[in-house]
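Commentary on secondary and tertiary structure
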Amino acid sequence: MVKFYASTDNYPYPFPAVTLAYFLRYPNPYSTHVVSTDTISRHYDPETQKLTTIRLHLKRSKLPSAVLRLVPRSILGASASGDTQSFILEKSIVDIKNGRMDTESQNLEWRGVLSVVERQSFIRPMSAAQEDAKIFQGMEGAARRHGFLSFGPDAKVEDTCESTDVHSSVTLHSHIGEKWKKKRNAEDSTDDDEQPQKMGFFKSWSTASLQRSIEMIGLKRARRSQPNAKEGMKVVLERMREGGLVAVLEGMRRDREAILGGHPHAFSNRRPPNDDDE
Amino acid sequence: MSASLAPECNDVKERYDNCFLKWYSESDPHEYLRGSATTDDCEKLFKQYEQCLTKVLKDKGIDKMLNEAREDNKDNDAEHMHPVSCFPIFLDHPDLS
């Protein structure tokens with residue numbers, strides 16, 4: 001049983017600005033639960049001009065009470081109130097030549113209980129061929145297209161008619177109660193301890209219905225957090241438009257101070273309680 | 001800038017992040033975003049950052065989790081990180097309809 005959520009959207013900003021905002025999206029006023037972001041590998045292939053980045057995020061979250069009813073806190077490593085932390089692994093590939101960025105984020109822990117994979121594709125709507133054709137419509141348009149993004153101290157993202165399409169999906173898959181990592185366990189003779197197994201506290205549930213319940217909880221949460229993730233990106237893009245990279249970095253600094261100082265930005269009040277963002 | 005998981009790596013992370021942002025977005029020559037970059041100029045700083053972070057990931061046992069996730073994902077990547085032309089989502093792309 002797999003649950004799936006998908007949406008299509010559009011940012012009224014040029015593709016390069018959106019890719020940059022993706023790298024700079026934490027911290028933002030809607031992401032006060034993101035504790036840290038580290039780049040663990042990055043590779044640029046000059047031939048294909050693709051940039052591959054792998055990052056590790058640490059997020060604070062509150063487990064939904066529905067999950068706590070199904071799986072005891074002790075097993076999930078959460079505090080009495082359900083507070084927990086989770087690592088998210090994010091992979092992204094920017095293909096500047098073809099005007100698209102593909103990203104994939106997933107949880108690193110408790111993948112047996114619930115694996116959540118979030119994918120996003122940011123796509124420059126116009127094909128390269130169309131763009132080339134447009135150049136003949138006048139140099140003015142071409143200059144605008146190529147000069148739309150600059151990040152000197154006074155630089156701003158200029159208003160152009162460019163926008164970026166976004167396709168998002170979240171795939172949720174619970175393996176709870178299954179022996180889903182047989183191979184690894186075979187190598188490891190003490191296996192069963194870390195295996196999310198069907199144990200006494202939910203023996204009365206059928207494996208399938210338990211998995212379905214957990215996937216449903218994850219799906220609801222994904223639906224609720226998607227708008228916040230999008231708002232966060234918008235804040236970063238807006239700062240970029242207003243004051244370029246300098247404004248983005250200054251905004252990040254303020255957001256980080258607010259998080260460290262325990263005074264989350266006013267925006268964060270809009271987050272629904274128990275929410276977990278992407 | 002976002003914080004590092006390891007406070008002791010914050011300084012070197014910030015130096016690397018700044019370098020990367022400059023490389024990625026610099027207006028002139030605006031290389032990467034124009035598709036004419038020849039190299040990632042920040043490799044040296046990344047090595048320092050990586051050195052700091054690797055130790056922390058190891059100490060906290062995160063490296064093991066990362067390796068497992070990467071193993072699990074090898075097949076997924078082939079399936080999902082592929083080029084434009086065969087991406088099913090494009091079926092509803094205005095240019096192709």
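Remember, it's a predicted structure, so these values are computed and weren't measured experimentally.

1. Points about the packing of aromatic side chains
Centre distance and the angle of the planes are the two values used to describe a pair of aromatic rings. One pass over the structure, following the stated rule, counts 12 aromatic pairs over all chains. With a centroid separation of 6.5 Å and an interplanar angle of 25 degrees, the aromatic rings of Y16 of chain B and F20 of chain B are classed as stacked. Here F20 of chain B and Y16 of chain B lie together in helix α1 (residues 10-25), a separation of four residues that amounts to about one turn. With relative accessibility at 0%, the residue Y16 of chain B sits in the buried group. Residue classification places F20 of chain B among the buried positions, given a relative accessible area of 3%. Aromatic side chains F46 of chain B and Y49 of chain B sit 6.0 Å apart centroid to centroid with 90 degrees between the ring planes, which places their arrangement in the edge-to-face category. Of this pair, F46 of chain B and Y49 of chain B both sit in helix α3 (residues 43-59), separated by three residues, roughly a single helical turn. Accessibility expressed as a relative area gives 8% for F46 of chain B, which makes it buried. A connected cluster of aromatic rings, assembled from ring pairs, spans Y11, Y22, F23, Y44 and F122 of chain A together with Y16, F20, W23, Y24, F46 and Y49 of chain B. Sitting above the plane of the Y22 of chain A ring, R25 of chain A keeps its charged end 4.0 Å from the centroid.

2. Some words on helix α1 (residues 15-23) of chain A
Since there are 3.6 residues in each turn of an α-helix, residues three or four apart along the chain are aligned in direction. Counting buried positions along α1 of chain A gives nine out of nine residues, so the element sits mostly inside the fold. Along α1 of chain A, the residues classified as buried are F15, P16, A17, V18, T19, L20, A21, Y22 and F23 of chain A.

3. Quick look at α3 of chain B
The terminal C-alpha atoms of α3 of chain B lie 24 Å apart, and with 17 residues this matches the ideal 24 Å at 1.5 Å per residue to within 8%. Directly after α3 of chain B, the chain includes G61 of chain B, whose backbone phi takes a positive value near 75 degrees.

4. What to know about the state of the cysteines
Residues and elements named next belong to chain B. Scanning all chains against the criterion turns up two disulfides over all chains. Shown here is the disulfide that connects C9 with C52, its sulfur atoms set 2.1 Å apart. Classification of the bridge connecting C9 and C52 rests on its S-S torsion, roughly -95 degrees, and on that basis the disulfide is left-handed. Linking C9 in the segment before α1 with C52 in helix α3, this pair joins segments that are 43 residues apart in sequence. Judged on exposure class, the residue C9 and its partner C52 are both buried. Each sulfur of the disulfide joining C19 and C42 lies 2.1 Å from the other. The sign of the -90 degrees torsion about the S-S bond sets the C19-C42 disulfide as left-handed. Note that C19 is positioned in helix α1 and C42 in the loop between α2 (31-34) and α3, a separation of 23 residues in sequence. The connectivity of the disulfide-linked cysteines in chain B, indexed sequentially, is 1-4, 2-3.

5. Quick look at the nonpolar core
L24, L56 and F122 of chain A are the most contacted members of the largest nonpolar core, which totals 53 residues. When contributions to this core are tallied by element, the ones reaching two or more residues are α1, β2 (34-45), β3 (50-62), β4 (83-95) and α7 (207-260) of chain A together with α1, α3 and α4 (62-80) of chain B. The residues contacting L56 of chain A, other than those within four sequence positions of it, are S36, T37, D38, I40, F87, I88, L89 and L108 of chain A together with L5, L57, I62 and L66 of chain B. Of all hydrophobic cores here, the second largest spans 14 residues; its members include Y5, L172, L210 and I214 of chain A.

6. So, the sheet that holds strand β7 (residues 164-173) of chain A
Spatially, seven strands are ordered β1-β7-β6-β5-β4-β3-β2 (chain A) in an open sheet, and the strand pairing comes out antiparallel. Every other strand in the sheet has two partners, leaving β1 (2-11) and β2 of chain A as the edge strands with one partner each. This sheet shows a mean twist of 15 degrees between the axes of neighbouring strands, independent of strand direction. Relative to strand β5 (residues 100-107) of chain A, α1 of chain A is tilted by about 20 degrees, and along the sheet it contacts β1, β2, β3, β4, β5, β6 (115-123) and β7 of chain A. Sheet strands in contact with α3 of chain B are β2 and β3 of chain A, and its direction is about 130 degrees off that of β2 of chain A.

Cut-offs used in this document
Residues numbered from 1 in each chain as written. Chains lettered and ligands numbered in written order. Predicted model: local features only at pLDDT ≥ 70, side-chain atom pairs only at ≥ 80, totals over all residues. Heavy atoms only, no water. Phe/Tyr/Trp six-rings, centres within 6.5 Å; stacked < 30°, edge-to-face > 60°. Helix = DSSP H or I, 4+ residues; strand = E, 2+ residues; numbered from the N terminus. Buried < 20%, exposed > 50% of the residue type's maximum accessible area, 1.4 Å probe, protein only. Lys NZ or Arg CZ within 6 Å of the ring centre and 35° of its normal. Expected span 1.5 Å × (residues − 1). Disulfide = S-S within 2.5 Å. Core = buried A, V, L, I, M, F, W, Y, C linked by side-chain atoms within 4.5 Å. Contact = heavy atoms within 4.5 Å. Pairing = 2+ DSSP bridges. Axes fitted to C-alpha atoms, helices over the stretch in contact; angles between N-to-C directions.

Functional significance is not addressed by these values, which are geometric in nature.
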